Structure formats: C-alpha cells, structure tokens
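Per-entry structural report
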Amino acid sequence: MNHLQISTDPTLLGADLLPESLTTSPSVSTFLPEEDASTCLLLPETPSPPLDFSHPLTPSMGNAADNRGVTGDDDPAAETSSSSGSSGIGMVGTVGAGTGNLFSHNTYQHLRKKSDVVKVPDGSMHHAASLGIAVTKDMPGFVHWNWPLIRKCTFFGFLTVIVAMVGIVVAMIATLPKSCNPPAAWYKGSVFYEVFPASFQDTNDDGLGDIRGLIARVEYFQTLGIAAVRLNSIFPSKHYPDHFQEVTSLVDVDGVLGKLEDVQKLTAALHERNISLVLDLPIYPFLGRLSPPTLDVDHLPNRTDGGVTASEFLRLSRSVTAGHPEGNVISDVLRFWLTRAGVDGFYVKGLEHFADDPLLVENVKEWKYLLGPDRVLMVSQKLVELLPERSVRDVLSQVDLVDAYLDVANGTDAIAKTLQEAIGGKLLRGVDHPWIHWSLGSVSERRLSSGLSPNATLAATLLELTLPGTVSIFYGDEIALEEAHDPADEHGDTRHLHHLAGMVWDSAQNQFTSRGTLPWLPRSASASLHHLDYVIEAIALRRRSPSIYLNAVVKEQQVLPNADVKSNQNDILIVQRWYPRRNSFAAIANLGPKRISLDLTAMFYSGEIIAGSSLKHERVYFDRFEISPLETIIVKLHK
C-alpha cells in the first residue's frame, strides 16, 4: 500500500512484471516531461495494455527480438524515460531503445542515399540503418538528382547573369552621347567652305588648280570642321578660268580641272569624312527662259514633307508622266549630277533673272522634289527680294537656304541693320521657311581682306561664325588671304580676277603649285596663317553649341528669335545668342582702330572667354571689359 492507500500489488494492476521504478517512483520516470506534474489516479478498472504494446510515436521496428538487437548510439538515459503515466504502462523494457531514438536530442532522421537501401526477401526496400525513411521505386525522381552540382551550377549561372548585366550597363553608359543637343539637318547651322577650284591646289604643274588638288586637301577640310565644300565653278567655258562665267555646258567638267571621274572620287573622299559636296549651278545667261515642268507638280510633296527618302524621290521622278516632250533642262542637269557624281545639293545662281517667270514656282518645286529632303537647294537673297508677293511663300516653302551677303566694310551700323532685318524679317519667321546662308566673300565679290586689315578679316569671320543660320567661308578668308599682288600692273587684263589668288599653304606643306611653275594669277601679297587656329576653335564651338548653330527657338509651332544685337556704337558690335537650358554666348567685336575699355554690367555680369583671344578660358567681369582694336571675343556668359 502506498500513501494514497492504493495497493501496489502487481496482480491488482493486471501486469505480471512491472519495472521496479514504476512501483517505487511513479512521478519520476513514468511520465513524459509534460505529464510529470499529473496527479490523475490510475483506476483499477482500466485494462492494462498488452505486453506487445508499442508506443504510438515509435516507428515500426520489427519484432521485439529485432529491437533488442539494435542498440546503435541511443542515449542510455532513454532506458528510464521511455514511458508516460498513461501510454507507457505495460511497455516492455526493450521498447525504451526505440523511444530513446525518438526523444533523444542527439538523434535525427535523414533521407538515406540509394546505396543505403537494402532489399529484403519480401521484395520491399529498407534502409540499412535502424531508423530512416525508405526510398522506394515510387519515390519522385528529383530525390536522386545531384543536388550539390545543381547548386553550384545555379550559383555560377546567377553570377554570370549579374556580370553580364553589369557589363551591359557599363557599355550603355560608355556609349551615351556626350551631349544631347536639339537635332538639325546637316546643312542647318553648319559651315560651308566655298572654293574656286582653279586657285586651290595644282597637281599637274600647269599653274592651275584642279579637282585632284581638292582630293589632296580633304584632310584640310576635315581639320576645319566644315560640313560641306561648295564648288562655284567647274563647268566648261570658252576660256577657263579667265571667263569661267561663260558656261557652255552644265553636264561636264572643264578639261583644265579634270574629268567627271575626278568629281566622283572627290565626292567619295568627302563622304568618307562626313563632308558634303555642293555645286554652284549658273543657269544665267546659259538659259534664256525656264522650261515647263516635266512632273505633275500639283501632286508633289513640299520640302518639309517627310516619309520619302532621296532615292525614292529619284525613282518616282522617272515614273511620273512627263508634261513636256522636250523635257526640262535644269531637271535633267540635276538628275545627271545626282546619279553620276552623287552631289549633295545645288546653288542655283542667276535665278533672280527669272523672278517674274510664270513657270518659276513649278520649276522650283520640281527641282526640290528631284533633290529630296536630304539634299539642299539654295537661291540668292536677291531672288526673294524680287519675287512677286504672290510667289514668295510658294518659293520659300521649297528652298532650303537663302544666300545673304554681309558687307562688313561699311561699319557696325550697317552690319547691325542687316542682322536686325534678318532676325526680324520674313526669312526666319516661318517654321517651314529656309535658313539664311551668310557670306562675307564669294567668287563675285572682292576679297574680304581688300577693304580690311588682316586682323579685321579675322574679327569679321569670328563674328560671322556666331550668327543665326548657316555660315559660308570663302577659301583663304580663314587665313586673311589677300588679293593677288600686282604693284606694277603687269596683269591688268585679269585685274577683275585678282581676288581669286592662289591659296597659300603652310611652309611645311606643298604650295599651290611647284616652284618652277608660274600660277595663272600673281601670288598673294600675304596671309596670316596663325589666324587658322582661332577660326577652327570658333567652328568647333558653333558645331557643339545649339545656342549658336540654331537660328531660332521653335515652341509649339511658334518661331522665337534666339539672337539679339545688344549694341552697335563706337565701332563696337555686340551680338548675344541663347537657347533654353543651354549656355548663352556674347560676341563682342571691336572694328575700330583703338583699344577700348567697356562697362557692360547693364547687359552681363561675368563670363569665360571661349574663342577669339589668347586669354582663352579666363574669367572676365564686364564692369571693365577691355578689347583690342580689330578683334572679336566670344564669351560664354555666366547666368
């Protein structure tokens, strides 16, 4: 009897053999940890479990004999703690081995390798270990996969993807454009270089320049940074070059200059360097009247209509039914040079003589249609001034550039007036209107240096390079080339051509012609080769700065000027250029003979010298701005 007056006789409990620990200490080892504090009485009527009873949490281990033989590494402490107050009563002592595996903190269940599975006679599959989950033929296939190899491949694959993504990002950053300037057609805002071929470079030692001489100087064109070379006279004449205006054909090259194949090679060489070729087309007095158009001009697109490539223009032009059986002379000339030489545009000279011609508008529209949207059609400002009011808009809607001569020999007042008329005039007012093509010198004008000193020539050229529109430089003006030197008047019969003196090159380069050959004109008096660096700097600045190369600000189909003449007093001309969210610039020109100190704080505060002076990149303040005589300084303004 215990202290509760319950008999401890084994026969009363229905068990023959009870562990001694159960009868002596029912609260120490007969209960699971969560049942140690239980005081529930064991009723006598409760039937005792059978001797072969196994714990429900213990996995099937076979018969008792097998279990006795499996000891493994079980915790010995499990021998005394394998039964609880209710479920552990009546369990044989050998069951403790299995339960020890279950409740031991040092024993874990694992999936065994396939090699650990043994086959017993009944055909079933068991692990060799005493505890584990059998892997049978019904087990999923991924269990047998090589997971360590899969993990390695996944890791290295993920690492490869990350490296590839980083490489792509780095490549994208490296290839990003250094600037994001508003786009413009190649001829808008760029710099053209006008050349008289007979005076540029002689390659056959006959004293006359030729097309092959131009090919030999393509590197010079690239160094300048120009966008196009404009040849103003290559056609046969009665006595070329003395009477180059008397053209006898528009579909051939004068023998003095070379052959058509030479023009083809020149075009290819220029295109390799992203430079275009433009031809002057002198139609007057070669033509007495305009021919009727050969195309149905009423159904042709305007100059600004997109979606049609240049090659498509040429193909369609041949398929349109001809309106005149004799054809159109100028249209045939355009087709010839486009298909045979691949030129990029034409300056139709002398068209002002046909300003009142009723066929002018139709012809201009047909010519632009043949050229397409990527090639330039240029006319003179005189034509625009002489056009009837009814024809102005129709002609301007087809023309790309209007050549305007800027006379800088008449002082700053005349220059300011010309600029203000251009900025506020009708040429820059319409969205679809052409751009101005500024010229300081040409084959039909006196050389710029003839009326100005060499320094004044540089000052005028730098000022021109800051104007809105497209800029043209006549060959030699970039080095202040002077007219042919003939003090004794030995070449009086060619005096009208002295402004076409042969080009002067650096002493390290080949000259215009060989030393033993006399040029067709007397040599120039002098040239300022050191001016070339200043001009190259200004061209590069223009090419990368939308504030300078764009001629207006177009906002919601409204054209707003981006240039202003701030002052034109006392031989000082100040032109300001700007563009939204871009740097602003001021070109300050002193065309007088004296050094001047200016107080420009009412206009600007401070800036940085960009071009036109040896004090490049120096910060300047406009309370006491000094400028030398015959000098133009381009300043980037600080906002």
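Check the entry above for the structure.
Residues numbered from 1 in each chain as written. Predicted model: local features only at pLDDT ≥ 70, side-chain atom pairs only at ≥ 80, totals over all residues. Heavy atoms only, no water.

So, the side chain of Arg-375
Applicable threshold: Secondary structure elements are defined from DSSP: runs of H or I of at least 4 residues count as helices, runs of E of at least 2 residues count as strands, and each element is numbered from the N terminus. Accessible area is worked out with a 1.4 Å probe on protein chains only. A residue is then buried under 20% of its type maximum, exposed over 50%, and partly exposed in between. In this tally Asp and Glu are treated as negative and Lys and Arg as positive; neither His nor the chain ends contributes. Any Lys or Arg side-chain nitrogen found within 4 Å of a carboxyl oxygen on Asp or Glu counts as a salt bridge. Between N or O atoms, a polar contact is any pair within 3.5 Å; within protein, one atom must be a potential hydrogen donor and the other a potential acceptor, and residues adjacent in sequence are included only when both atoms are from side chains.
Mapped onto the elements of the fold, Arg-375 is located in the loop between α10 (360-371) and β7 (376-380). No salt bridge is formed by the buried Arg-375; the nearest opposite charge belongs to Asp-344, separated by 4.9 Å. Reaching out from Arg-375, the side chain makes a polar contact with the backbone oxygen of Val-343 at a distance of 3.1 Å.

Observations regarding the pairing of strand β14 (residues 572-577)
Where we set the bar: We treat two strands as partners when DSSP finds at least two bridges between them.
Taking burial as the measure, the six residues of β14 include six buried ones, the bulk of the element. On β14, burial covers both faces: Ile-572, Ile-574 and Gln-576 on one face and Leu-573, Val-575 and Arg-577 on the other are all buried. Summarising the sheet, strand β13 (residues 563-567) and β14 pair through four bridges and their orientation is antiparallel. Across the sheet, Asp-564 pairs through a bridge with Gln-576, a residue of β14. The turn joining β13 and β14, which pair antiparallel and follow one another in sequence, is formed by four residues; a positive phi near 55 degrees is taken by Asn-570.

So, the packing of aromatic side chains
To keep things clear, this is the line we draw: For Phe, Tyr and Trp, where Trp contributes only its six-membered ring, two rings pair if their centres lie within 6.5 Å, and the inter-plane angle classes them as stacked under 30 degrees, edge-to-face over 60, or tilted in between. Look at NZ for Lys and CZ for Arg. If either is within 6 Å of the ring centre and within 35 degrees of the ring normal, a charge sits over the ring.
Under the defined criterion, the tally for this structure stands at 22 aromatic pairs. Ring geometry for Tyr-220 versus Trp-505: centroids 4.9 Å apart, planes at 85 degrees, classification edge-to-face. With Tyr-220 in helix α6 (residues 218-224) and Trp-505 in the loop between β10 (470-474) and α16 (531-544), this residue pair connects regions lying 285 residues apart in the sequence. The class for Tyr-220 is buried, based on a relative accessible area of 13%. An aromatic cluster is present here, built from Tyr-193, Phe-200, Tyr-220, Phe-221, Phe-474, Tyr-475 and Trp-505 joined pairwise through their rings. Note that Arg-217 overlies the ring of Trp-505, its terminal NZ or CZ placed 3.7 Å from the centroid.

Here's the deal with helix α9 (residues 329-340)
Going by this rule: The span one expects for a helix is its residue count, reduced by one, times 1.5 Å.
For α9, spanning 12 residues, the distance from its first C-alpha to its last is 16 Å, which sits close to the expected 16 Å at 1.5 Å a residue. Here α9 has its buried residues at Ile-330, Ser-331, Val-333, Leu-334, Arg-335, Phe-336, Trp-337 and Leu-338. Between the side-chain oxygen of the N-cap and the backbone nitrogen of Ile-330 there are 3.1 Å, and the N-cap of α9 in question is Asn-328. Immediately downstream of α9, the backbone of Gly-342 shows phi near 65 degrees, a positive value.

Some thoughts on the pairing of strand β4 (residues 228-231)
The alternating pattern of β4 places Ala-228 and Arg-230 on one face and Val-229 and Leu-231 on the opposite face, and all of these are buried. Alignment of strand β3 (residues 191-195) against β4, held across four bridges, turns out to be parallel. By the bridge assignment, Tyr-193 is partnered in β4 with Val-229. For β4 and strand β5 (residues 276-282), the ladder comprises four bridges, and the chain directions are parallel. When the bridges of β5 are listed, Val-229 appears paired with Leu-277.

Examining a nonpolar patch on the surface
Note the following rule: Patch membership is restricted to residues that have no salt bridge and whose relative accessible area is over 30%. Joining uses 9 Å for like charges and 5 Å for the nonpolar side chains Val, Leu, Ile, Met, Phe, Trp and Tyr. Methods summary: accessible areas were calculated by the Shrake-Rupley approach with a probe of 1.4 Å, and residue burial reflects only the protein chains presented.
A cluster of nonpolar residues, Phe-158, Val-161, Ile-162, Met-165, Val-166 and Val-170, forms a patch on the protein surface that exposes about 560 Å² of accessible area. You can see Val-170 is positioned in helix α4 (residues 147-174).

Topic: the nonpolar core
What counts here: To qualify as a nonpolar core, a set must consist of buried Ala, Val, Leu, Ile, Met, Phe, Trp, Tyr and Cys residues joined through side-chain atoms within 4.5 Å. Only heavy atoms enter the contact rule, under which two residues are in contact if any of them lie within 4.5 Å.
If you look at the biggest cluster of nonpolar residues, it comprises 95 residues, and the most contacted ones within it are Tyr-193, Phe-221 and Trp-337. Contact partners of Trp-337, with chain neighbours within four places excluded, come to Ile-234, Phe-235, Leu-250, Val-251, Asp-252, Val-253, Leu-260, Val-263, Leu-279, Gly-342, Val-343 and Phe-346. Counting 18 residues, the second largest nonpolar core, distinct from the first, contains Leu-406, Leu-440, Leu-463 and Val-565.

A closer look at the sheet that holds strand β15 (residues 585-590)
Hydrogen bonding along the main chain pairs the strands of a sheet, whether they run parallel or antiparallel. Applied cut-off: Axis definition: a line fit to C-alpha positions, over the contact stretch in the case of helices; interaxial angles, taken between N-to-C directions, run 0 to 180 degrees.
Strand order in the open sheet formed by six strands is β13-β14-β15-β20-β17-β18, with antiparallel pairing between adjacent strands. The open sheet has two edge strands with one neighbour each: β13 and β18 (619-621). For this sheet the average axis-to-axis angle between neighbouring strands, irrespective of direction, equals 35 degrees. On top of the sheet, helix α15 (residues 454-464) reaches β14, β15 and β20 (631-637); it is set at about 30 degrees to β20, its chief contact.

With respect to the environment of Val-443
With respect to the helices and strands, Val-443 occurs in the loop between β9 (435-439) and α14 (448-451). Of the residues examined, Val-443 reaches a relative accessible area of 7% and is grouped as buried. Taking the C-alpha atoms as reference points, Val-443 and Phe-196, 247 residues apart in sequence, are found 7.1 Å from one another. Ignoring anything within four residues of it in the chain, the contact list for Val-443 reads Glu-194, Phe-196, Asn-232, Phe-244, Lys-349, Phe-474, His-499 and Leu-500.

Regarding the pattern of salt bridges
For the structure on display, the rule yields 15 salt bridges. Where Arg-230 meets Asp-280, a salt bridge forms, and the shortest distance between an N and an O atom there is 2.7 Å. Here the residue Arg-230 occupies a position in strand β4, and Asp-280 occupies one in strand β5, the gap between them amounting to 50 residues. Notably, a salt bridge pairs Arg-495 with Asp-489, separated by 2.6 Å at the nearest N-O pair.

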